[in-house]
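Residues per chain, in single letters:
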Amino acid sequence: MTRYARMLRTLLLPAACTFAAAEPARALDVERAVRIDDSASVAGRQLMLNGAGVARRLVFRVYAIGLYLIDRKDTAAEVLATKGPRRITIAVLRDISGADFQRAVADHVHRLALQHDRDVVQAQMVGLVRAISRQPEGLREGDTLTLDWVPGTGTVVQLNGRALVAPMPGQAFYNALLSIWLGDDPAEPSLKPKLLGRRWS
């Protein structure tokens with residue numbers, strides 16, 4: 001495993017995850033005043049929380065993440081095949097500098113590009129990483145990053161409700177993003193079942 005891959009796994013390592021139950025997901029309270037809403041509106045459609053969890057690095061909380069879909073799905077294949085709008089919400093719980101983010105995802109970006117539409121996906125992923133790394137203070141505690149798939153538009157990325165990059169066309173890119181958590185070799189395997197709404201055992 002390369003240094004970048006090890007850094008990514010450390011960044012995304014959840015020492016503990018609060019699960020979304022198998023029944024229809026409710027709002028998830030993640031520790032101290034961190035809340036993942038039970039629904040979200042994307043492209044005029046109401047999406048429901050499919051699953052959520054909180055990631056830690058050592059003893060520190062790093063972020064809470066939620067996956068929103070029109071209908072509940074319990075396998076990665078079903079999520080990736082979904083045609084309607086989708087959302088990933090990431091609530092940042094600890095400061096992450098732009099440089100740290102760029103170093104952490106560099107190796108994973110390359111691997112994901114190889115698995116999807118290589119040239120296009122790699123260029124889009126690099127563009128997203130650079131946009132985040134250019135933030136003067138990186139990602140700060142309290143920030144919210146949303147990654148939406150909007151049919152007919154593409155991947156819409158917002159930081160605290162503000163567009164971070166221009167919409168990125170092509171569903172391959174959004175599926176590459178989802179594969180960070182839901183792929184065959186996810187950055188942190190423990191988060192995959194949480195986003196798929198399975199109980200933690």
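Cut-off values and rules
- Residues numbered from 1 in each chain as written.
- Predicted model: local features only at pLDDT ≥ 70, side-chain atom pairs only at ≥ 80, totals over all residues.
- Heavy atoms only, no water.
- Helix = DSSP H or I, 4+ residues; strand = E, 2+ residues; numbered from the N terminus.
- Buried < 20%, exposed > 50% of the residue type's maximum accessible area, 1.4 Å probe, protein only.
- Areas by Shrake-Rupley, 256 points an atom, 1.4 Å probe, with all protein chains shown as cover.
- Pairing = 2+ DSSP bridges.
- pLDDT = per-residue confidence, 0-100.
- Contact = heavy atoms within 4.5 Å.
- Expected span 1.5 Å × (residues − 1).
- Core = buried A, V, L, I, M, F, W, Y, C linked by side-chain atoms within 4.5 Å.
- Salt bridge = Lys/Arg side-chain N within 4 Å of Asp/Glu carboxyl O.
- Polar contact = N/O pair within 3.5 Å; in protein donor to acceptor, adjacent residues only side chain to side chain.
- Axes fitted to C-alpha atoms, helices over the stretch in contact; angles between N-to-C directions.
- Parallel < 35°, antiparallel > 145°, perpendicular 65-115°, else oblique.
- Left-handed = near helix turned anticlockwise from the far one by under 90°.
- Nonpolar A, V, L, I, M, F, W, Y, C, P; charged D, E, K, R; others polar.

A. Region of the structure containing the overall build of the chain. Each helix and strand in the chain was counted, giving six helices and nine strands. Per-residue burial over the chain gives 50% buried out of 201 residues. With an accessible surface of roughly 9500 Å², the chain has 52% of that area assigned to carbon and sulfur atoms.

B. Seen up close, the pairing of strand S8 (residues 154-159). Examined bridge by bridge, strand S7 (residues 144-150) and S8 share six bridges and lie antiparallel to one another. By the bridge assignment, Leu145 is partnered in S8 with Leu159. Pairing of S8 with strand S9 (residues 162-163) involves two bridges; the strand directions are antiparallel. Looking at S9, one finds that Gln158 is bridged to Ala163. What sits between S8 and S9 in their antiparallel hairpin is a turn of two residues, with Asn160 showing a positive phi close to 55°.

C. Layout of the confidence of the model for the chain. Confidence in the prediction for the chain averages 78 pLDDT; 71% of positions are at 70 or higher. pLDDT under 50 marks residues 1-26. Its contacts with residues more than four places away, or in other chains, come to 82 contacts.

D. Expanded view of helix H5 (residues 171-182). Taking 1.5 Å of rise per residue, the 12 residues of H5 would be expected to cover 16 Å, and the 15 Å separating its terminal C-alpha atoms lies within 8% of that figure. Looking at H5, one finds that the buried residues are Phe173, Tyr174, Asn175, Ala176, Leu177, Leu178, Ser179, Ile180, Trp181 and Leu182.

E. Molecular detail of the environment of Leu128. Summarising the element assignment, Leu128 is placed in helix H4 (residues 118-133). Between the alpha carbons of Leu128 and Ala166 there is a distance of 9.7 Å; along the sequence they are 38 residues apart. Setting aside chain neighbours within four positions, we find Leu128 in contact with Val157, Leu164, Met168, Phe173 and Leu177.

F. Focus on H4. Its 16 residues give H4 an end-to-end C-alpha distance of 22 Å, which sits within 8% of 22 Å, the value for a rise of 1.5 Å per residue. Burial in H4 covers these residues: Val121, Gln124, Met125, Leu128, Val129, Ala131, Ile132 and Ser133.

G. Quick peek at the nonpolar core. One finds Ile88 and Trp181 to be the most contacted residues of the largest nonpolar core, which totals 40 residues. Looking at this core, the elements that each hand over two or more residues are strand S5 (60-69), helix H2 (76-81), strand S6 (86-92), H4, S7, S8, H5 and helix H6 (191-195). Here the element with the most residues in this core is H5; it accounts for eight residues. Aside from chain neighbours lying at most four places away, what touches Ile88 is Ile65, Gly66, Leu67, Leu145, Thr146, Leu147, Tyr174, Leu178 and Trp181. In terms of nonpolar packing, the next biggest core, distinct from the first, is built from 12 residues, Leu49, Ala52, Val54 and Ala91 among them.

H. Geometry of the pattern of salt bridges. Summed over all chains, the structure comprises three salt bridges. Taking the shortest distance from any N to any O, the salt bridge between Asp148 and Arg87 comes out at 2.6 Å. Placement of Asp148 in strand S7 and of Arg87 in strand S6 is noted, with a sequence separation of 61 residues between them. Of the two residues, Asp148 and Arg87, neither departs from the other in class, the shared state being buried. A salt bridge links Arg140 to Glu137, with the nearest nitrogen and oxygen atoms 3.7 Å apart.

I. The arrangement of the side chain of Arg87 in detail. Accessibility expressed as a relative area gives 15% for Arg87, which makes it buried. In this structure the side chain of Arg87 is engaged in a polar contact, spanning 2.6 Å, whose partner is the side chain of Asp148. The contacts of Arg87, once residues within four sequence positions are left out, are Ala40, Ser41, Val42, Leu47, Gly66, Leu67, Tyr68, Thr146, Leu147, Asp148 and Tyr174.

J. Up close: the environment of Thr89. Along the chain, Thr89 turns up in strand S6. Here the alpha-carbon distance between Thr89 and Asp37, two residues 52 residues apart in the chain, equals 9.6 Å.

K. Examining the packing of H4 against H5 more closely. Axis separation between H4 and H5 bottoms out at 9 Å; the angle between their running directions is 60°. When the axis of H4 is compared with that of H5, the two are oblique. The interaxial crossing formed by H4 with H5 has right-handed handedness. Counting all contacts with H4, which are made through Val121, Gln124, Met125 and Leu128, the residues of H5 involved are Ala172, Phe173, Ala176 and Leu177. Of the residues in the contact of H4 with H5, the class split is seven nonpolar, one polar and no charged.

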